[in-house]
Amino acid sequence: MTDTGPQSKPQSIPQTSPAPPAKRWMYVIPVAAIMYMLAYLDRNNVSVILPYMHGDLELSNADKGLVGGIFFVGYVFLQIPAAILAQRWSARKTVLILMLAWGVAASLSGLVQTKSQFYVARFVLGVFEGGVWPAVLILLASWFPLRERARANALWMACLPLSSVLMAPLSGWMLDHGTWRWVLVMQGIPPLVWAVVWWFAVADRPAQARWISRAEAGHVEGAIAADEAAKPSAGSGSYLDAVKQKSVLVLIGVYFFWITGFYGFNLWLPSVIKELTHDGSPTEVGALTAIPFTVALIVMIANAAWSDRTGRRRQAVAVPLVVGIAALLLGQAVDGALPRMLLLCVTAAAVYAPYGPFWAIPGQLLRFEVVAVAMGLINALGNLGGFAGPYLVGWLTDVTGSSVTGFAVLSAFLAVAVALVTLGLRPSARPVPQVAGQAAEGACAADG
């Protein structure tokens, strides 16, 4: 990584320049975070439910892995279309439509009567939720300059572990007081309610928001325009332009292998904790499942802040994943509930920590006209790992009679992600031009 020396020292902020608006952190981030927390609930509640279906639908471990994984097959379909709609039409309206559709699909999944219907319901849920992630990333790119992007991404993506912290105990408690069908039907309703809040609270760009001054809006949009001007031309913004970028292909590979380990761990975490508690109640397992995600939430935000402060994006992705590999393997070798629980906490923190820095990299490398397609491609193809991870663990558990082999394979996938981000995204010797009002971020193209 190139040091930021005197030759690339940022210009001082003019005295007449308004302070960056703080309100966007209070409006955009919380509303988007709660919205996606509800999406993540409908995606992950099945992990709490599956250990307690008690023969309903006659699901084997491989079938349960398929239930968790088939969501991500559907997840691919709207990634790029939704990203393009968000960029060229409206991120706010795109997310609203998808929110209403996934809420209905989530509730309907509680009414299935056969294993095949459960697969279809989870697939359809994945289709509607698939476009939300890139659409919100496009929205954040219109509100937060590059020097704030990892923190903005991480604070929004904090909804991922936070959803598990809050909702895993809730799902467990609901299971103790009703059926798994009731849980799925009821948990599909909140997105329909939150859609109203989303519509009135969110704007596509600062200039369209009613709750900040025009001077503040101009300050933010000026900083973002300067970020864009400092990037090389990206062509027409077509699919081919995005695919031709070597960095995009590397990021797809990194995300696929990371997400394979990520969701393989996530789906089977409640089952592992149930085993540690010797078949504890749903409420007990749900409460204990929240502990690793609480640790993950803290580490995720701290890692993103470090990444923004130092500009070391690659290290902020690779180092946590190396720690995750070690913890995942040690967890299969040690005995005792407490040591294994501690290692589950370390693993959860490690696989969540890269989120903010990773999703700051595309915006760092690519201009706005191509970044929507690129992020759609990265998320669409990378999230196929969400199918591979859960299914591999379930299938290997059925074949070997133990989860050890499955988690060892997940560790290998994480190792490939580390190799790709370390060797595939090499730092550039060319300094990134600094603009007025920005802190020095280093000069590494992939490291920020």
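Residue numbers restart at each chain and count upward from 1, following the sequence in its written direction. Selection of residues for local features in this predicted model requires a pLDDT of at least 70, selection of side-chain atom pairs for listing and counting requires 80 or more, and totals for whole chains, interfaces and linings are taken over all residues. Side-chain measures here rest on the full set of heavy atoms in the structure, leaving out hydrogens and waters.

**Some points on helix 16 (residues 355-365)**
Next up, step 1: The buried fraction of helix 16 is high, at 11 of 11 residues.
Next up, step 2: A simple rule labels every residue: compare its accessible area, found with a 1.4 Å probe on the protein chains alone, to the largest value its type can have, and call it buried under 20%, exposed over 50%, or partly exposed in between. Only DSSP runs of H or I reaching four residues or more are called helices, and only runs of E reaching two or more are called strands; each is numbered from the N terminus. Among all positions of helix 16, only Y355, G356, P357, F358, W359, A360, I361, P362, G363, Q364 and L365 are buried.

**Overview of the pattern of salt bridges**
Next up, step 1: A pairing counts as a salt bridge when a side-chain nitrogen of Lys or Arg comes within 4 Å of a carboxyl oxygen of Asp or Glu. In total, this model carries five salt bridges according to the counting rule given.
Next up, step 2: Taking the shortest distance from any N to any O, the salt bridge between D63 and K115 comes out at 3.3 Å. Remark: K115 occurs in helix 4 (residues 115-130) and D63 occurs in helix 2 (residues 61-75); sequence separation between them is 52 residues.
Next up, step 3: What makes K115 partly exposed here is its relative accessible area of 29%.
Next up, step 4: The residue E148 makes a salt bridge to R147 at a minimum N-O spacing of 3.9 Å.

**Some points on a nonpolar patch on the surface**
Next up, step 1: Every patch collects residues that have over 30% relative accessible area and no salt bridge, joining them within 9 Å if they carry like charges and within 5 Å if they are nonpolar side chains (Val, Leu, Ile, Met, Phe, Trp, Tyr). Only the protein chains shown count as cover for residues, and all accessible areas are computed by the Shrake-Rupley method using a 1.4 Å probe. The grouping of L170, W173, W182, M186, I189 and V193 at the surface amounts to a nonpolar patch, some 540 Å² of accessible area in total.
Next up, step 2: Of all the secondary structure elements, the ones that give two or more residues to the nonpolar patch are helix 7 (159-177) and helix 8 (180-187).
Next up, step 3: The topology assignment puts W182 in helix 8.
Next up, step 4: Taking relative accessible area as the criterion, W182 reaches 34% and is therefore assigned partly exposed.

**Here's the deal with the side chain of D308**
Next up, step 1: When you line up the elements, D308 lands in helix 13 (residues 282-310).
Next up, step 2: Within the local environment of D308, its side chain forms a polar contact with the side chain of R151, the two groups lying 2.7 Å apart.
Next up, step 3: If sequence neighbours within four positions are ignored, D308 has contacts with L146, R147, E148, R149, A150, R151 and R313. Polar contacts, as used here, are pairs of N or O atoms within 3.5 Å; protein pairs need one atom able to donate a hydrogen and one able to accept it. Residues neighboring in sequence count only if both atoms are side-chain atoms. Contacts between residues were defined by any pair of non-hydrogen atoms, one from each residue, lying within 4.5 Å.

**Things to note about the confidence of the model for the protein**
Next up, step 1: The score called pLDDT rates the predictor's confidence residue by residue, from a low of 0 to a high of 100. Looking at the protein, pLDDT values average 79 and 85% of them are 70 or higher.
Next up, step 2: Averaged pLDDT values for the elements of the protein fall to 64 in helix 11 (residues 239-244) and rise to 93 in helix 9 (residues 190-201).
Next up, step 3: This stretch, residues 1-18, has a pLDDT under 50; its non-local contacts, to residues over four places away or in other chains, come to 28 contacts.
Next up, step 4: Considering only residues more than four positions removed or in separate chains, one finds that residues 428-448, a stretch of pLDDT under 50, has 66 contacts.

**Remarks on helix 18 (residues 385-400)**
Next up, step 1: If you check helix 18, its first and last C-alpha atoms are 22 Å apart, about what 16 residues at 1.5 Å a residue would give, namely 22 Å.
Next up, step 2: What helix 18 keeps buried is the set G385, G386, A388, G389, P390, V393, G394, L396 and T397.
Next up, step 3: Phi turns positive, to about 80 degrees, at G401, one or two residues after helix 18. For a helix, the expected span equals 1.5 Å multiplied by the residue count minus one.

**Section: the side chain of K274**
Next up, step 1: Looking at the element boundaries, K274 is found in helix 12 (residues 246-276).
Next up, step 2: When near neighbours in sequence (up to four residues on either side) are disregarded, K274 contacts P51, Y52, D279, G280 and V285.

**Looking at the packing of aromatic side chains**
Next up, step 1: Note on aromatic pairs: the rings of Phe, Tyr and Trp (six-membered ring only in Trp) are paired at centre separations within 6.5 Å, and the planes decide the class, stacked below 30 degrees, edge-to-face beyond 60, tilted for the rest. Overall, the coordinates contain 26 aromatic pairs when judged by the stated rule.
Next up, step 2: Between Y36 and W156 the ring centres are 5.5 Å apart and the planes differ by 65 degrees, which places this aromatic pair in the edge-to-face class. Of this pair, Y36 sits in helix 1 (residues 23-49) while W156 sits in helix 6 (residues 146-157); the two residues are 120 residues apart in sequence, bridging distant segments of the chain.
Next up, step 3: Between W133 and W359 the ring centres are 6.0 Å apart and the planes differ by 65 degrees, which places this aromatic pair in the edge-to-face class.

**Structural notes on the environment of V76**
Next up, step 1: Within the secondary structure, V76 is located in the loop between helix 2 and helix 3 (79-108).
Next up, step 2: Assessed through its relative accessible area of 23%, V76 is described here as partly exposed.
Next up, step 3: Separated by 301 residues in the primary sequence, V76 and L377 have C-alpha atoms spaced 8.8 Å apart.
Next up, step 4: In this structure V76 touches A380 and L384, once residues within four positions along its chain are discounted.

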